[in-house]
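Fold and contact review
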Amino acid sequence: MQQPSPLRRVPVQRRSAQRLARILDACAEVLEETGYEGLSTRAVAGRAEVPIGSVYRFFPNKRAMAEALAGRNLDSYADRITRELADPDGPVAWRRAMDVVVDEYLAMKRTVPGFALVEFTVPAPRESRQANYAVADRLLGLLAGRLGVDVADERLRTAFLVGVEAADALLQLAFRVDPDGDPAIVTQTKELLRSYLGRYLGGEEAPRGTGARTPEGPPPGAEPHLPA
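Nothing here was measured: the structure is a model prediction, and the numbers come from that model. (Residues numbered from 1 in each chain as written. Predicted model: local features only at pLDDT ≥ 70, side-chain atom pairs only at ≥ 80, totals over all residues. Heavy atoms only, no water.)

Let us now look at the overall build of the protein. Within the protein, the regular secondary structure consists of nine helices and zero strands. In sequence order, the secondary structure elements of the protein are arranged as α-α-α-α-α-α-α-α-α. Looking at the 228 residues of the protein, the share that counts as buried comes to 42%. Here the contacts in the protein between residues at least 6 apart in sequence split such that 70% fall between residues at least 24 apart. Of the accessible surface of the protein, which amounts to about 12300 Å², a share of 52% is contributed by carbon and sulfur atoms. (Helix = DSSP H or I, 4+ residues; strand = E, 2+ residues; numbered from the N terminus. Buried < 20%, exposed > 50% of the residue type's maximum accessible area, 1.4 Å probe, protein only. Contact = heavy atoms within 4.5 Å. Areas by Shrake-Rupley, 256 points an atom, 1.4 Å probe, with all protein chains shown as cover.)

For the rest of this paragraph, the subject is the packing of aromatic side chains. How two aromatic rings sit relative to each other is given by the distance of their centres and the angle of their planes. Scanning the entire structure with this criterion turns up six aromatic pairs. With a centroid separation of 5.2 Å and an interplanar angle of 35°, the aromatic rings of Tyr77 and Phe120 are classed as tilted. Within this pair, whereas Tyr77 is found in helix α4 (residues 62-84), its partner Phe120 is found in the loop between α6 (115-118) and α7 (131-147), the two being separated by 43 residues in sequence. Relative to Phe120, the ring of Phe115 lies with its centre 5.4 Å away and its plane at 75°, an arrangement referred to as edge-to-face. Both residues of the pair, Phe115 and Phe120, belong to the buried class. An aromatic cluster of at least three residues, connected via ring pairs, comprises Tyr77, Tyr105, Phe115 and Phe120. (Phe/Tyr/Trp six-rings, centres within 6.5 Å; stacked < 30°, edge-to-face > 60°.)

Of note in the backbone geometry, Glu49 takes a positive phi value of approximately 60° without being a glycine. Topologically, Glu49 is positioned in the loop between α2 (41-48) and α3 (52-58). Look at Glu49 and you get exposed, because its relative accessible area is 68%. With phi around 45°, Glu119 is a residue other than glycine that occupies positive phi space. On the secondary structure map, Glu119 appears in the loop between α6 and α7.

A full pass over the atoms with the stated rule returns 13 salt bridges. Note that Arg157 is salt-bridged to Asp137, the shortest N-O span being 2.7 Å. Of this pair, Arg157 sits in helix α8 (residues 154-177) while Asp137 sits in helix α7; the two residues are 20 residues apart in sequence, bridging distant segments of the chain. Note on Asp137: relative accessible area 22%, which makes it partly exposed. Where salt bridges share partners, they join Glu29, Glu33 and Arg47 into one cluster. (Salt bridge = Lys/Arg side-chain N within 4 Å of Asp/Glu carboxyl O.)

Looking at the protein as a whole, the pLDDT averages 84, with 82% of positions reaching at least 70. Below a pLDDT of 50 lies the segment residues 204-228, which in the model reaches 43 contacts outside its immediate sequence neighbourhood of four places, other chains included. (pLDDT = per-residue confidence, 0-100.)

Glancing now at the nonpolar core. Counting 42 residues, the largest nonpolar core has Tyr77, Ile81, Phe120, Leu139, Leu143, Phe160 and Leu201 as its most contacted members. Those elements giving two or more residues to this core turn out to be α4, α5 (94-111), α7, α8 and α9 (183-201). Among residues more than four places away in sequence, those in contact with Tyr77 are Val101, Glu104, Tyr105, Met108, Phe120 and Leu139. Counting 24 residues, the second-largest nonpolar core is a separate cluster that includes Cys27, Ala28, Leu31 and Ala66. (Core = buried A, V, L, I, M, F, W, Y, C linked by side-chain atoms within 4.5 Å.)

Let's shift gears to the environment of Met65. If you trace the backbone, Met65 turns up in helix α4. For Met65, a relative accessible area of 0% gives the class buried.

What follows is about the packing of α5 against α9. Two elements in contact, α5 and α9, have axes whose closest approach is 10 Å; the angle formed by their N-to-C orientations is 145°. As for the relative orientation of α5 and α9, their crossing is right-handed in sense. Taken together, the residues of α9 that come into contact with α5 (itself represented by Trp94, Arg95, Met98, Asp99, Val102, Asp103 and Leu106) are Val186, Lys190, Leu193, Arg194, Leu197, Gly198 and Leu201. For the contact of α5 with α9, a count of residues per class yields eight nonpolar, one polar and five charged. (Axes fitted to C-alpha atoms, helices over the stretch in contact; angles between N-to-C directions. Left-handed = near helix turned anticlockwise from the far one by under 90°. Nonpolar A, V, L, I, M, F, W, Y, C, P; charged D, E, K, R; others polar.)

In structure tokens, the structure reads:
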């Protein structure tokens, strides 16, 4: 699901791109200190040590600025997963891939300024949030080739969306219980993802070229079918 860019203009020169990065860094720092309600374009301009006109050159308001930060967070999240799963020797075991997806999110939640407040979207009513669609599609596109599944399979796309929504709710709970993320809830989140996605992704390693598993899966109580 393609989202419109929050940027008024996309930087084309290196100096302009560096200034935009400084503004977003400052936005993250101000968010960390004051929360979303305390965020303002003037505060960000002061923290970034740029004229406020430079902020308005890129963003019409603080919401657009926070949306751009959320988009950068998603890009960074995808880059972290890509680096962690880099393996020149062959496909990636899907259970390991799911663990990396959760672990890199936890690492960003614990260490990246402002991430706990905007993550991949700005604060909004739950019913109007669309960020998890973008996260699910990004993860599927990122992992499809490594897992040997078909990125165009709509059932798998829906499965990834359901997995992201479920993990999001559980990990938010983990951080409400413990500021560092309750380990027991994190473990249960990983178990839930393995159990649910196992019916689509199959055994420890999805065979290349076979696509996703059908949603019916094995009958209850049956032993899972493993690839030969």
